[in-house]
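# Structural characterization, general
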Amino acid sequence: MGWITAKYSKKAVRRAGETLVSNSSTEQERSDSMDILSNWRSAHAYPMHAVLIFLRTKSAKIDSNSIVVQRLKRTPSILAKLVRYSGMKLDRMQDISGCRSVVSNVSKTRELRNSIVNSRTRHILHREDDYITNPKPSGYRSIHLVYKYNGEKNAYQNYFVEIQLRSKIQHAWATAVEVVDHFTKQALKASQGKKDWLDFFKFVSPEFAKLERCPPGEQFEGIDTLSEVLRLEKKLNAIARLNAFTVSTHYIAKKTDRKSDYFLLELQENAQHITVTQFAPDQLSLATAEYLDCEKQAKQKSDYDVVLVSASSMHGLRAAYPNYFADSKEFIRLMHRVIRSKG
């Protein structure tokens, strides 16, 4: 398979990131910088793939029903992060490529973390963030491990790959946040948006944690989070709105299941319609070229979004990325459990 390598220096990559978030850049400068960003991002595909194989092996031993996928970070997310964090540089960003494993429960999430961290992999653990023990202020819960690639291919040495480990309940919460973001044009995932929605998900998080017998988190001590959830759910009509979000799906591909196909997901008409184009593993160059073309189109269309992800099957794609299919069924089911707990 022809893996993509970086064609530009890290200095050029850094400059491209600065150009893309600058208000004084010309259209030509921005277009050239998009090409550099796209190549830099695509060059992360091989180290991401290497870490994916490692993660898939570890996950299968812990949970035979685990869902393991990989994705290259969307340009809007990259640029938003460059703006949000002063001092952040494109060439140093640690989550341009990412792998995720969703397992049955928190116990298996921690077991998987221990298995990965204590393994004899050549890749180097660079950073760990335990957002289960210490949830983010938004209520986000997961374990993040950032590894540096240290395999046989010298062209990719020290490229960062982020691993996310979640339970199914934590995944349902994160999915619902992204679904609301897509349909209401907010950025709740980045803790930006309407206060009622931010507070709703923040208070749902400890209630979901209780379902998994996890500590709700120190930030929620002294707060009647259940009452807050019930109040905000009623005010926002949250369950009904999540139920109402529907997406029509159009597939442009043979529905062939291979180990790691790439899927280009195009969300159109304000997330009401999704087009899925499937690429074989040896079509990475074609997939990334189309991804770049689509992202350039997305700049001109406010009701259009695109992402390139990888999964082992169409079923695995929907299970791993239900947010793109507006699938909040699991979140809604868990919400009904929370509401029933009020008695």
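The paragraphs below set out a description of the structure included in this document. Throughout this document, residue positions are counted from 1 along each chain, in the order its sequence is written. Reporting of local features is limited, given that this is a predicted model, to residues whose pLDDT is at least 70; pairs of side-chain atoms are given and counted only at 80 or more, and all residues count toward the totals for whole chains, interfaces and linings. Each side-chain value is derived from all of the structure's non-hydrogen atoms; neither hydrogens nor water enter the calculation.

Bringing the packing of helix H6 (residues 168-184) against helix H7 (residues 195-211) into the picture now. Every axis corresponds to a line fitted to the C-alpha atoms, with the helix fit spanning only the stretch in contact, and the corresponding angles, defined between N-to-C directions, vary from 0 to 180 degrees. Starting at the N terminus, helices and strands are each numbered in turn, a helix being any DSSP run of H or I of at least four residues and a strand any DSSP run of E of at least two. Axis separation between H6 and H7 bottoms out at 10 Å; the angle between their running directions is 165°. In this view, H6 runs roughly antiparallel relative to H7, as classed from their interaxial angle. For the pair H6 and H7, the crossing hand works out as right-handed. In this structure, H6 uses Ile 169, Trp 173, Ala 176, Val 177 and Val 180 to contact H7, whose residues at the interface are Trp 197, Phe 201, Val 204, Ser 205, Phe 208 and Leu 211. Any angle between 65 and 115 degrees counts as roughly perpendicular, while under 35 counts as roughly parallel, over 145 as roughly antiparallel, and the rest as oblique. Handedness of each helix crossing follows the sense of rotation of the near helix against the far helix: counterclockwise by less than a right angle gives left-handed, clockwise gives right-handed. It only takes one pair of heavy atoms within 4.5 Å for two residues to be counted as in contact.

This brings us to helix H4 (residues 75-84). Exposed residues in this analysis have more than 50% of their type's maximum accessible area, buried residues have under 20%, and partly exposed residues fall in between, with area computed by a 1.4 Å probe over protein chains only. Taken residue by residue, H4 has Thr 75, Ile 78, Leu 79, Lys 81 and Leu 82 as its buried positions. Across the axial projection of H4, the buried residues extend over an arc of 160°, all falling on one side. Comment: arc refers to directions from the helix axis out to C-beta atoms.

Here we come to the nonpolar core. Here, nonpolar core refers to any group of buried Ala, Val, Leu, Ile, Met, Phe, Trp, Tyr and Cys residues whose side-chain atoms link them within 4.5 Å. One finds Trp 173, Phe 200, Phe 201, Phe 208, Leu 265, Leu 317 and Phe 331 to be the most contacted residues of the largest nonpolar core, which totals 107 residues. If we ignore the near neighbours within four places in the chain, the residues touching Leu 317 are Phe 263, Leu 265, Val 276, Val 309, Ala 311 and Phe 325.

Here the focus is the pattern of salt bridges. We count a salt bridge whenever a side-chain nitrogen from Lys or Arg sits within 4 Å of a carboxyl oxygen from Asp or Glu. One pass over the structure, following the stated rule, counts 18 salt bridges. A salt bridge links Glu 18 to Lys 89; its shortest N-O distance comes to 3.2 Å. You can see Glu 18 sitting in helix H1 (residues 10-20) and its partner Lys 89 sitting in the loop between H4 and strand E2 (97-103), a full 71 residues away along the chain. With relative accessibility at 37%, the residue Glu 18 sits in the partly exposed group. With relative accessibility at 24%, the residue Lys 89 sits in the partly exposed group. A salt bridge links Glu 228 to Arg 231; the shortest N-O distance between them is 2.8 Å. In this pair, Glu 228 and Arg 231 both sit in helix H8 (residues 225-236), three residues apart, roughly one turn of the helix. By relative accessible area, which is 24% here, Glu 228 ends up partly exposed. Here the residues in one salt-bridge network are Lys 73, Lys 81 and Asp 95, joined through shared partners.

Purely spatial values, then, with no claim about function.
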